[in-house]
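# Descriptive analysis of the structure
What follows is each chain in one-letter form.
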Amino acid sequence: IDPVDTYFMNTIGKVRATNELHEYQTDTLAAAAANAWIESDAFTATARTATVRINNRCQILRDDFTISDRLKSINLAGRSDEVAYQVNKSMKYIAKCIEYALLINATKTTGSETVAPTMIGALGSITTNATNAGGVDITRTMVNNSLATLWAAGGKSPYKLLCGSYQKMTLSASLSSINSREISAKEKRATYEVDFYDTDHGVVEIRAHQIINTSAPASVLILGDMGLWKTAWLKDVIVKKLPELPMAQPISVIADLTLEARQEKGSAKITELATG
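The structure contained in this document is the topic of the report that follows. (Residues numbered from 1 in each chain as written. Predicted model: local features only at pLDDT ≥ 70, side-chain atom pairs only at ≥ 80, totals over all residues. Heavy atoms only, no water.)

### Remarks on the sheet that holds strand S10 (residues 229–241)
By way of backbone hydrogen bonds, the strands of a sheet pair with one another, either parallel or antiparallel. What the four strands build is an open sheet, ordered S1-S10-S11-S4; its pairing is mixed. Looking at the sheet topology across the chains shown, the edges are occupied by strand S1 (13–16) and strand S4 (59–68). Strand-to-strand, the axes of this sheet are offset by a mean angle of 30°, without reference to chain direction. Where helix H2 (residues 82–104) meets the sheet, it contacts S4, S10 and strand S11 (248–261), and its direction lies at approximately 160° from that of S4. (Pairing = 2+ DSSP bridges. Helix = DSSP H or I, 4+ residues; strand = E, 2+ residues; numbered from the N terminus. Axes fitted to C-alpha atoms, helices over the stretch in contact; angles between N-to-C directions. Contact = heavy atoms within 4.5 Å.)

### Description of the nonpolar core
Core analysis: the biggest nonpolar cluster contains 36 residues, and Phe-8, Ile-98, Leu-102, Leu-103, Leu-221, Trp-229 and Leu-257 have the highest contact counts within it. Every element with two or more residues in this core is listed here: helix H1 (7–11), S4, H2, helix H3 (122–125), helix H6 (210–215), strand S9 (220–223), S10 and S11. Sorting elements by how many residues they give to this core places H2 first, with nine residues. Setting aside anything within four residues of it in sequence, one finds Trp-229 in contact with Phe-8, Ile-12, Gly-13, Ala-122, Ser-125, Ile-126, Leu-223, Leu-259, Glu-260, Ala-261 and Ser-267. Of all hydrophobic cores here, the second largest spans 20 residues; its members include Ala-133, Cys-163, Tyr-197 and Val-220. (Core = buried A, V, L, I, M, F, W, Y, C linked by side-chain atoms within 4.5 Å. Buried < 20%, exposed > 50% of the residue type's maximum accessible area, 1.4 Å probe, protein only.)

### Regarding the side chain of Ser-172
Tracing the sequence through the fold places Ser-172 in helix H5 (residues 165–176). At 3.1 Å, the side chain of Ser-172 forms a polar contact with the backbone nitrogen of Val-194. (Polar contact = N/O pair within 3.5 Å; in protein donor to acceptor, adjacent residues only side chain to side chain.)

### Brief notes about the sheet that holds strand S6 (residues 159–163)
Overall, mixed pairing links the six strands, which are arranged S5-S12-S9-S6-S8-S7 in an open sheet. The sheet is open, and its two edges are formed by strand S5 (130–132) and strand S7 (196–199), each paired on a single side. If you compare each strand with its neighbour and ignore which way they point, the axes differ by 15° on average. Bridging between S7 and strand S8 (residues 202–208) involves four bridges; their strand directions are antiparallel. Note on S8: the bridge partner recorded for Tyr-197 is Val-204.

### Thoughts on the side chain of Thr-271
In this fold, Thr-271 is placed in strand S12 (residues 267–271). If we skip the residues at most four places from it in the chain, Thr-271 touches Thr-131, Asn-132, Ala-133, Gly-134, Ala-218 and Ser-219.

### Focus: the pairing of strand S2 (residues 21–26)
On a regular strand, one side chain projects to one face of the sheet and the next to the other, so that they alternate. Only one face of S2 is buried, namely the one carrying His-22, Tyr-24 and Thr-26, since none of Leu-21, Glu-23 and Gln-25 on the opposite face is buried. As paired elements, S2 and strand S3 (residues 52–57) share six bridges and run antiparallel to each other. In the sheet register, Leu-21 faces S3, and the bridge partner there is Arg-57.

Printed below as a string of structure tokens:
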């Protein structure tokens, strides 16, 4: 599995789901306040706010294919096992589809006999720290404002900013003007990209993401604490060989999982950006 294509899935943690509707708890700390007591003060219980019970739907991802019996007997000119090759290719495809669902899915769907259940992904889950850019180019001011809001809500550095190619280039152009570089002319190299941005609220790693580039190029995700996101697996990726057909072997690669957004306030998004 290409770690660049599936950066989000590979970076966040894993837990086990035990039902099609995966439920979990989220909580927040009270704001800091003056807290001083006399030694002999009587015990006074403080009312506790109940944790919030939230959920997401497990989504089945699948890739089906057949291998002709003839392929098992002929020279494949470069590979010895067609089944292994196609299974490996299918596993990579499923991994990219999982990354798409974890990041891009806007809503969760319960599912029915005719509708497949779907999880809500990160872009759909982040609602508190959300900025609509109104169709203009991204700027460092937008990023700074999002980070200030995110930091105030308890988001932690280092932040991960995931975006498409155009947003990465636009940010690099915006940030390059405030950088000072010394590059030897002998190297015959110009450096224009910006991968890390030091701000008043922490360090931001700016990473171009291929799936966001293709499927949500007008959006930017700023992830403040990767520990607040988890994949919850109802069923690990499996390779299932189905009953053979007269002249072929049907094979299905299947995964069943969902996303935990343990505290969406710990991340931010900027949407409706210009894309070129």
